[in-house]
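Here is what each chain is made of, one letter per residue.
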Amino acid sequence: MILKKKIQLVVVLFITTFVNAQNKPASPAAEATGKINGATISINYSSPSVKGRVIWGQLVPFNKIWRAGANAATVIETDKDLTIEGSKLPVGKYSFFVIPNENECVLIFNKVFKMSGTSKYDEKEDQLRVTVKPQLADSSAESLIYSIEKNSIVLSWEKWKIPFSVK
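Quick summary incoming for the structure in this document. (Residues numbered from 1 in each chain as written. Predicted model: local features only at pLDDT ≥ 70, side-chain atom pairs only at ≥ 80, totals over all residues. Heavy atoms only, no water.)

So, the overall build of the protein
Of the regular secondary structure elements, the protein holds one helix and ten strands. When the helices and strands of the protein are listed from N to C terminus, the series reads α-β-β-β-β-β-β-β-β-β-β. As presented, the protein carries roughly 9,800 Å² of accessible surface, and 54% of it is formed by carbon and sulfur atoms. (Helix = DSSP H or I, 4+ residues; strand = E, 2+ residues; numbered from the N terminus. Areas by Shrake-Rupley, 256 points an atom, 1.4 Å probe, with all protein chains shown as cover.)

The following block contains the structure:
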């Protein structure tokens, strides 16, 4: 009797684990948190995977606004004023968008931070826009990731890195 109950428990645990593994989202929620010059910065985003696709110029079209992640718009929050690529970004919470092309990327910090994507994006609500150059990465990043470094934030995905200076 005890052996039968143990077997049943093992089977239930196996099935639960298998079902939960099958329900893993295609673009799981992710967060990057760090400090730059005393400011605490957090980035909340959904991290899609390459899955053999061409990202830049195809999945993410050139010259169109992109939510800089999957699912809802990416959100960047800072507890102190920042200087992004030489321009001031006040303390606050912002949705973060990118307009990529082959040679440069426009980074957008928008005051409306609760958006499901780009459908409710309004350029009039932009707090800051800066332009940076994308870089080819040394290795391909399967999943989109943000990293907060000593004096910069870097978006890495597929064969690109999009770094921007932060002070």
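Things to note about the nonpolar core
Ranked by internal contacts, the top residues of the largest apolar core, which has 35 residues, are L107, F109, Y146 and L155. For this core, the elements supplying multiple residues, two or more each, are β1 (29-36), β2 (39-46), β4 (82-84), β6 (92-100), β7 (105-110), β8 (126-132), β9 (135-148) and β10 (152-165). No other element matches β10, which puts six residues into this core. Not counting the four nearest positions on each side in its chain, L107 is found in contact with F96, F97, V98, L128, R129, V130, V132, I162 and F164. (Core = buried A, V, L, I, M, F, W, Y, C linked by side-chain atoms within 4.5 Å. Buried < 20%, exposed > 50% of the residue type's maximum accessible area, 1.4 Å probe, protein only. Contact = heavy atoms within 4.5 Å.)

Some words on the pattern of salt bridges
A side chain with one charge can pair with a side chain of the opposite charge if their charged atoms come near. Within the structure shown, the criterion is met by three salt bridges. We note a salt bridge from R129 to E123, for which the minimum N-O separation is 4.0 Å. By relative accessible area, R129 is classed as partly exposed at 34%. For E123, a relative accessible area of 52% puts it in the exposed group. The closest approach of N and O atoms between D126 and R129, which form a salt bridge, is 2.8 Å. Members of the salt-bridge network, linked through shared partners, are E123, D126 and R129. (Salt bridge = Lys/Arg side-chain N within 4 Å of Asp/Glu carboxyl O.)

Digging into the packing of aromatic side chains
Summed over the entire model, instances satisfying the criterion amount to eleven aromatic pairs. For the ring pair F96 and Y146, a centre distance of 6.2 Å and an interplane angle of 75° mean the geometry is edge-to-face. Taken together, the residues F96 in strand β6 and Y146 in strand β9 connect sequence positions 50 residues apart. Here the two residues F96 and Y146 agree in accessibility, since each one is buried. Through a chain of ring-to-ring contacts, three or more aromatic side chains come together here, namely Y45, F96, F109, Y146 and F164. (Phe/Tyr/Trp six-rings, centres within 6.5 Å; stacked < 30°, edge-to-face > 60°.)

With respect to the pairing of β7
It is a general feature of regular strands that their side chains alternate between the two faces of the sheet. With six of six residues buried, β7 lies mostly within the body of the structure. Burial along β7 is two-sided: C105, L107 and F109 facing one way and V106, I108 and N110 facing the other are all buried. One ladder, built from six bridges, connects β6 with β7; its direction is antiparallel. Counted as the bridge partner of S95 is N110 from β7. Bridge count between β7 and β8: six bridges; the pairing is antiparallel. Residue pairing across strands places I108 opposite R129, the latter belonging to β8. (Pairing = 2+ DSSP bridges.)

Thoughts on the pairing of β10
Counted residue by residue, β10 has eleven buried out of 14 residues, so it is predominantly covered. Pairing between β9 and β10: seven bridges, direction antiparallel. When the bridges of β10 are listed, S147 appears paired with V154. Between β9 and β10, which pair antiparallel one after the other, the connecting turn spans three residues.

A word on the sheet that holds strand β3 (residues 74-78)
The sheet built from six strands is open, its strands ordered β1-β2-β3-β6-β7-β8 with antiparallel pairing. Strands with a single pairing partner mark the edges of an open sheet, and in this sheet they are β1 and β8. The sheet shows a mean angle of 20° between the axes of neighbouring strands, taken without regard to direction. (Axes fitted to C-alpha atoms, helices over the stretch in contact; angles between N-to-C directions.)

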